[in-house]
Amino acid sequence: MKKENQSGFTLIEVVISVVIFIVFATGAYQGYAATYSAVASTHHKAVAVDLANARFELVKNMPYSKVGVVGGNPVGVIPATQVVLIDNLSFTVSTTVRNVDDPFDGVSGAGDVFPNDYKLVEISISCAGCKNFPPIVITGRVAPKNLES
């Protein structure tokens, strides 16, 4: 009896093909997941920077006498810590304000009529629910016009 030419795949060929497919599919999925994570992290950082800039613009446009932390020194109207919800993410905004007597004006100590030349404002944004998210910190000075003149 003569064997006919049989076509098809053996079980070993099918198993090897499935393993190769799984290896490539896993690599593609991990690449997609890493890309998605990087895009999400960048979006979270951009939202935090926008929030910090918006908060600092609010501080810059306040009357100088109101720039300060509620219950802090200097006293003002800015909450020390506040939680803001944006895009279903919870951002914690921490604000620190301190008076600074700048020695650059040449007047310091007891002879300085205005010992607080400007206020140093630091706004820090953190996000506990965001992966790979270092706090965003913006620091700037706020001063009234012609204080020392």
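All figures in this text were calculated on a predicted structure; none of them were measured in a lab.

A. Quick look at the overall build of the protein chain. When its secondary structure is counted, the protein chain shows one helix and four strands. Taken from N to C terminus, the helices and strands of the protein chain fall in the order α-β-β-β-β. The buried share of the protein chain, reckoned over its 149 residues, is 26%. A fraction of 51% describes how many contacts in the protein chain between residues 6 or more apart in sequence connect residues 24 or more apart. Summed over all atoms, the accessible surface of the protein chain reaches about 10600 Å², with 61% contributed by carbon and sulfur.

B. Spotlight on the sheet that holds strand β2 (residues 89-100). Spatial strand order, β1-β2-β3-β4: four strands in an open sheet with antiparallel pairing. Across the chains shown, the open sheet's two edge strands, defined by having one partner strand only, are β1 (81-86) and β4 (136-142). Across the sheet, the mean angle separating the axes of adjacent strands is 20° when strand polarity is ignored. In the sheet, β2 pairs with strand β3 (residues 118-126) via nine bridges, with the strands oriented antiparallel. Paired with Val97 across the bridge in β3 is Val121. Relative to β4, helix α1 (residues 11-60) is tilted by about 15°, and along the sheet it contacts β1, β2, β3 and β4.

C. Expanded view of the environment of Ile125. As for its position among the elements, Ile125 is in strand β3. Taking the C-alpha atoms as reference points, Ile125 and Val93, separated by 32 residues in sequence, lie 4.8 Å from one another. Those residues in contact with Ile125 that lie beyond four places of it in its chain are Ala48, Leu51, Ala52, Phe91, Thr92, Val93, Phe133, Pro135 and Ile136.

D. Region of the structure containing the pairing of β4. Only one face of β4 is covered, namely the face carrying Ile136, Ile138, Gly140 and Val142; the face carrying Val137, Thr139 and Arg141 is uncovered. The pairing of β3 with β4 spans seven bridges and is classified as antiparallel. Each residue of the ladder has a partner; that of Lys119, found in β4, is Val142.

E. Inspection of the packing of aromatic side chains at higher detail. As enumerated under the stated definition, the model contains one aromatic pair in all. Geometry around Tyr64 places Lys119 over its ring, the cationic atom sitting 4.5 Å from the centre.

F. Summary view of the side chain of His44. Its place among the elements puts His44 in helix α1. Excluding residues within four positions of it along the chain, His44 makes contact with Leu89, Phe91, Cys130 and Phe133.

G. Focus on the state of the cysteines. Throughout the structure, instances matching the rule amount to one disulfide. In this model, Cys127 is linked to Cys130 through a disulfide, with the two sulfur atoms separated by 2.1 Å. Residues Cys127 and Cys130 are joined by a disulfide whose S-S torsion is about 65°; by sign, that bridge is right-handed. No difference in accessibility class separates Cys127 from Cys130, as the two residues are buried.

H. View of the environment of Val69. Examined against the element boundaries, Val69 turns out to sit in the loop between α1 and β1. Exposure remark for Val69: the relative accessible area of 10% places this residue in the buried category. It is 9.3 Å that separates the C-alpha atoms of Val69 and Thr81, two residues lying twelve residues apart in sequence. When sequence neighbours within four positions are dropped, the list of residues in contact with Val69 reads Pro74, Val75, Gly76, Ile78, Pro79, Ala80, Thr95, Thr96 and Val97.

Conventions we followed
Residues numbered from 1 in each chain as written. Predicted model: local features only at pLDDT ≥ 70, side-chain atom pairs only at ≥ 80, totals over all residues. Heavy atoms only, no water. Helix = DSSP H or I, 4+ residues; strand = E, 2+ residues; numbered from the N terminus. Buried < 20%, exposed > 50% of the residue type's maximum accessible area, 1.4 Å probe, protein only. Contact = heavy atoms within 4.5 Å. Areas by Shrake-Rupley, 256 points an atom, 1.4 Å probe, with all protein chains shown as cover. Pairing = 2+ DSSP bridges. Axes fitted to C-alpha atoms, helices over the stretch in contact; angles between N-to-C directions. Phe/Tyr/Trp six-rings, centres within 6.5 Å; stacked < 30°, edge-to-face > 60°. Lys NZ or Arg CZ within 6 Å of the ring centre and 35° of its normal. Disulfide = S-S within 2.5 Å.

The analysis is restricted to geometry; functional conclusions fall outside its scope.
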